[in-house]
Amino acid sequence: MIASKLTSTLMALIEQKVPAFLWGAPGIGKSSIIKQIAQSSEVGFIDLRLALMDPTDLKGIPFYDKESHTALWAPPAFLPKSGEGILFLDELNTAAPSVQASAYQLILDRRVGEYELPSGWAIVAAGNRESDRGVTYRMPSPLANRFVHFEMEVDVDDWKYWAYKKGIDARIISYISYKQEHLFTFDAKSDVKSFATPRSWEYVDSILKSNITQDLLLESISGAVGREVAVGFLSFAKVMNKLPDIKNILASGNGEYSDEVDVLYALSTGLVSAFLKDNSDENLDNLLKYTLELKSEFAVMCVQDLQRNGVRMEHSEVFKEWVQKFAYLLA
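Here is what the cut-offs are and how they apply
Residues numbered from 1 in each chain as written. Predicted model: local features only at pLDDT ≥ 70, side-chain atom pairs only at ≥ 80, totals over all residues. Heavy atoms only, no water. Phe/Tyr/Trp six-rings, centres within 6.5 Å; stacked < 30°, edge-to-face > 60°. Helix = DSSP H or I, 4+ residues; strand = E, 2+ residues; numbered from the N terminus. Polar contact = N/O pair within 3.5 Å; in protein donor to acceptor, adjacent residues only side chain to side chain. Contact = heavy atoms within 4.5 Å. Buried < 20%, exposed > 50% of the residue type's maximum accessible area, 1.4 Å probe, protein only. Pairing = 2+ DSSP bridges. Core = buried A, V, L, I, M, F, W, Y, C linked by side-chain atoms within 4.5 Å. Expected span 1.5 Å × (residues − 1). Bend = angle between axes of the 7 residues up to and from the residue.

Engineer: Pulling in residues and values, what's your account of the packing of aromatic side chains?
Structural biologist: Counted according to the given criterion, the structure contains 16 aromatic pairs. In this structure an aromatic cluster arises from ring pairing among Tyr175, Tyr178, Trp201, Phe233, Phe236, Tyr265 and Phe298.

Quick look at the structure:
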């Protein structure tokens, strides 16, 4: 399931306090989705890494109660005491079997030892698949049956929507639009340490925005996404120098056109990124006016990317003209 559909599905399950488990390859944004849901819902968020715990860390430590002459369990301080939120058990299947077993009662009965999870809190877990060659333990059937399971897929359109919102460098978005297979190059059979994932492309964005000198850029980006992808990206980035003046296009609706495919990918993404930073009606009309003479597939790419980012254009007279020209591609 792609990220956008997963988000709406998980939000519904979290509201009903149904435990969910999110499976997927490393670096594709499983943890980020849960954090974003908590942030958008304005509820608490606690990230527990059970792989770093002993069984007693979750259940608590026993102590002698003088009044009842019995042993009670002192619950750990990191578990929530009140309010609403998401208790996120990240990388649950990397925890030792004894630790996973200690989570049984918490997940199904919402309590462990003397501790009871507040009614406003939901439980969500995530983990890498066994086929991804990570350090994982097979999840026991009784524990697996305590979750509703989903497998997250990498989707370029979903990633582009996130990247625009996040303010990811336009060169990265352009390159992934042009070379979609380079968004995710993880191969479980390979021993290569650096490979491209949505998470590592976010690292590349940080590298580009850092003070790393030009002569060290290739090695730095290679360390994030691998040598082959880094060379391809930096070669593509040089295309940005061939672009017409995007600010002038948004200001006037006029500009030069290119027949080079890589330039057109970069131009389409550049136009969308620039408009999202200054989304006036005048800029929208000028952008649409310019795309009327753009190659049809790239004109449609621009408009679809804008619409995915919530840009309304039905009120624009230029958009009505645009629809008449490209309606055959939208059918």
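Having seen the structure, we can now continue with the description.
Engineer: Can you break down the side chain of Ser177 residue by residue, with the values?
Structural biologist: Along the chain, Ser177 falls in helix H7 (residues 170-178). A distance of 2.9 Å separates a polar atom in the side chain of Ser177 from the backbone oxygen of Ile173. Each residue touching Ser177, except ones within four places of it in the same chain, is listed here: Lys160, Tyr265 and Thr269.

Engineer: Which residues make up unusual backbone geometry, and what are the values?
Structural biologist: Residue Lys17 is not a glycine yet carries a positive backbone phi of 60°. Unusually for a residue other than glycine, Glu91 sits at a positive phi of about 55°. Mapped onto the fold, Glu91 is located in the loop between strand E5 (84-90) and helix H4 (97-109).

Engineer: Requested: an account of the environment of Ser40, with residues and values cited.
Structural biologist: Within the secondary structure layout, Ser40 lies in helix H2 (residues 30-41). Residue Ser40 is classed as exposed on the basis of its relative accessible area of 52%. Taking the C-alpha atoms as reference points, Ser40 and Tyr290, separated by 250 residues in sequence, lie 36 Å from one another. Among the polar contacts listed, one links the side chain of Ser40 to the backbone oxygen of Ile37, at a separation of 3.0 Å.

Engineer: Break down the pairing of strand E8 (residues 120-127) for me, with residues and values.
Structural biologist: Judged by how many residues are buried, E8 sits mostly within the fold: eight of eight residues are covered. Where strand E1 (residues 20-23) lies against E8, four bridges are found, and the strand directions are parallel. Each bridged residue has a counterpart across the sheet, and for Ala20 the counterpart in E8 is Val124. Sheet topology places E5 next to E8; six bridges connect them, and they run parallel. When the sheet's bridge partners are listed, Ile86 is paired in E8 with Ala122.

Engineer: So what's going on with the nonpolar core? Residues and values would help.
Structural biologist: Counting 57 residues, the largest nonpolar core has Ile172, Trp201, Val204, Ile221, Val225, Phe233 and Trp322 as its most contacted members. For this core, the leading source of residues is helix H12 (residues 261-277), giving eight residues. When residues no more than four places from it in sequence are discounted, the contact partners of Phe233 are Arg171, Ile172, Tyr175, Trp201, Val204, Leu208 and Ile221. Listed in part, the 25 residues of the second largest apolar core include Ile46, Leu89, Leu106 and Leu143.

Engineer: How would you explain H4 if you had to name every residue and give the values?
Structural biologist: The terminal C-alpha atoms of H4 lie 19 Å apart, and with 13 residues this matches the ideal 18 Å at 1.5 Å per residue to within 8%. The largest bend in H4 is about 30°, located at Ala103. Buried within H4 are the following residues: Val99, Gln100, Ser102, Ala103, Leu106 and Ile107. Residues of H4 that are buried in the fold lie against helix H3 (55-59), E5, strand E6 (111-112), strand E7 (115-116), E8 and helix H5 (141-144). Once H4 ends, the next one or two residues include Arg110, with phi positive near 60°.

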